[in-house]
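These are the residues of each chain, in order.
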Amino acid sequence: MKRSLAKIAALLAVLATGAAVAVLGWPDESGSAPRTAAASAGEGTEPEAPTPVTTVPVRQGEIATYLSATANLVAEDSISVVAEVAGRVERVLLAEGEAVKSGALVVALDDREATLGLSTARIQVRQARATKQRVEALGQLVSEEEREKSRTDHDVAAQAVVDARFRVAQTRIRAPRSGKVTRRDVAVGQYVRAGDPVLEITDFSTLVARIFVPERDALALAPGRSVEFALQAAPGVKFEGTVRDVASVVDASSGTVKVTIEVTDAPPQVRSGSFVSVRMVREHHDQALWLPREAVTRGPRASHVFVVDGETVTRREVELGAQDGPRLHIVSGLTQGEVVVLAGHGKLADGAAVQVRSED
């Protein structure tokens, strides 16, 4: 029994010696210090390689955003000329597209009936004048009532002449303003009644476009703002305009505000009804800090960039302003000249090592 216990003790001593060797290691052939198992396991571990990136400096310059829309140009001053008396059309002096001066004769109606009425009125006024003169010559032989009646009859006859002359004049329809005939509604021989349209005259010297913008955009607009137009049928034809009026009410159904824009100098290709593109500045900054939009990572709550500091980067939040095409206005968070990662920031973290390939 004692021998069995001695064998077990010897076996445990051997196992303990083997464990010590595994931990401490044996000396190598050169006699150097023994290599531990932990040291062997760590041999060959290298630091993580830097991430290759391209960079861009924070720049300063002009930033502008634009409000774009489409609209039809319309001539604001367009009037329908109507007949003021009934009659048959005797002459039409203008065709569609012809220019007309204010006061020019445009349509003549048959004036025979009106002229006959004028002749009758003149006869009646002569009779009334003669009667008035006879009564006044009798003096006290007639009553004051008779004298008053003769004067009244003469005045009524005289007014009838004025009315008859006016009706004759109304058979000659004249242009109430200068412009161009854009519609002709009558032909020679046609009978018209009082109030019937005979033609339309449009003044093309004032063309306007009316657009509807969201209320937040209307807050930045005011009369006098410059506008650029481009003709849809020929995009190369560009011309200028100015905001003339921003409506003081918001359309309750759409939440938009009407903006009236007046063309300042229309080229010959532009007509009333032309379809145009409208472009105006919404926001403008002369000396704004900006970055390409690819350099900024936008999140639901904040946006950030990675600023290069030697061989590492620092994650920094930035406040963004307007976007002008591919450029973003940096309101705060950066200073001019700082260098940020343009490409390669997809897997970067704060303090990560980077290798700059090139700068934009």
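Source: prediction; values computed, not measured.

**Some thoughts on the packing of helix α3 (residues 112–138) against helix α4 (residues 144–170)**
Axis separation between α3 and α4 bottoms out at 8 Å; the angle between their running directions is 160°. Here α3 is positioned roughly antiparallel relative to α4, judged by the angle of their axes. Considering the relative orientation of α3 and α4, their crossing is left-handed. Here the residues of the contact of α3 with α4 are counted per class, giving 12 nonpolar, six polar and 10 charged.

**Section: the side chain of Gln-170**
Mapped onto the fold, Gln-170 is located in helix α4. Residue Gln-170 is classed as buried on the basis of its relative accessible area of 13%. If we ignore the near neighbours within four places in the chain, the residues touching Gln-170 are Glu-84 and Val-85.

**Considering the sheet that holds strand β8 (residues 191–192)**
Read from one edge to the other, the open sheet built from four strands follows the order β6-β5-β3-β8, with strand pairing classed as antiparallel. One side of each edge strand has no neighbouring strand; the edge strands of this open sheet are β6 (172–174) and β8. Note that strand β3 (residues 87–92) and β8 share two bridges and pair antiparallel. Across the sheet, Gly-87 pairs through a bridge with Val-192, a residue of β8.

**Considering the environment of Ala-169**
Within the secondary structure layout, Ala-169 lies in helix α4. A residue is classified by how much of its surface remains accessible, and Ala-169, at 45% relative accessible area, is partly exposed. Residues Ala-169 and Thr-115, 54 residues apart in the sequence, show an inter-C-alpha distance of 9.6 Å.

**Things to note about the nonpolar core**
Ranked by internal contacts, the top residues of the largest apolar core, which has 24 residues, are Leu-73, Ile-211, Phe-229, Phe-239, Ile-261, Val-278 and Met-280. Counting only elements with at least two residues in this core, the list comes to β2 (59–82), β9 (197–214), β10 (226–231), β11 (234–246), β12 (256–263) and β13 (275–292). In this structure Ile-211 touches Ala-69, Thr-70, Ala-71, Val-257, Lys-258, Val-259, Ile-261, Val-278 and Met-280, once residues within four positions along its chain are discounted. The next biggest cluster of nonpolar side chains, apart from the first, holds 18 residues, and it includes Val-92, Leu-109, Val-186 and Leu-199.

**Concerning the pattern of salt bridges**
Inspection of every chain in the model, using the stated rule, returns 15 salt bridges. Sharing partners across several salt bridges, the network here consists of Glu-76, Arg-210, Arg-244 and Glu-262.

**So, the confidence of the model for the chain**
Looking at the chain as a whole, its pLDDT mean stands at 84, while 86% of the residues score no less than 70. Note that pLDDT drops below 50 for residues 14–42; the model gives that stretch 16 contacts with residues more than four away or on any other chain.

**Regarding the environment of Glu-338**
Looking at the secondary structure, you find Glu-338 in the loop between β17 (327–332) and β18 (339–343). As for Glu-338 and Val-58, which are separated by 280 residues in sequence, their C-alpha atoms are 5.5 Å apart. When sequence neighbours within four positions are dropped, the list of residues in contact with Glu-338 reads Val-56, Pro-57, Val-58, Val-307 and Arg-316. Within the local environment of Glu-338, its side chain forms a polar contact with the backbone nitrogen of Thr-335, the two atoms lying 2.9 Å apart.

**What about the pairing of β13?**
Every regular strand shows the same layout, with side chains that alternate between the two sheet faces. Bridging between β2 and β13 involves 13 bridges; their strand directions are antiparallel. Note that in β13 the partner of Ser-68 across the bridge is Arg-279. Bridging between β10 and β13 involves five bridges; their strand directions are antiparallel. Within the sheet, the bridge partner assigned to Glu-228 lies in β13 and is Arg-279.

Calculation criteria
Residues numbered from 1 in each chain as written. Predicted model: local features only at pLDDT ≥ 70, side-chain atom pairs only at ≥ 80, totals over all residues. Heavy atoms only, no water. Axes fitted to C-alpha atoms, helices over the stretch in contact; angles between N-to-C directions. Helix = DSSP H or I, 4+ residues; strand = E, 2+ residues; numbered from the N terminus. Parallel < 35°, antiparallel > 145°, perpendicular 65-115°, else oblique. Left-handed = near helix turned anticlockwise from the far one by under 90°. Nonpolar A, V, L, I, M, F, W, Y, C, P; charged D, E, K, R; others polar. Buried < 20%, exposed > 50% of the residue type's maximum accessible area, 1.4 Å probe, protein only. Contact = heavy atoms within 4.5 Å. Pairing = 2+ DSSP bridges. Core = buried A, V, L, I, M, F, W, Y, C linked by side-chain atoms within 4.5 Å. Salt bridge = Lys/Arg side-chain N within 4 Å of Asp/Glu carboxyl O. pLDDT = per-residue confidence, 0-100. Polar contact = N/O pair within 3.5 Å; in protein donor to acceptor, adjacent residues only side chain to side chain.

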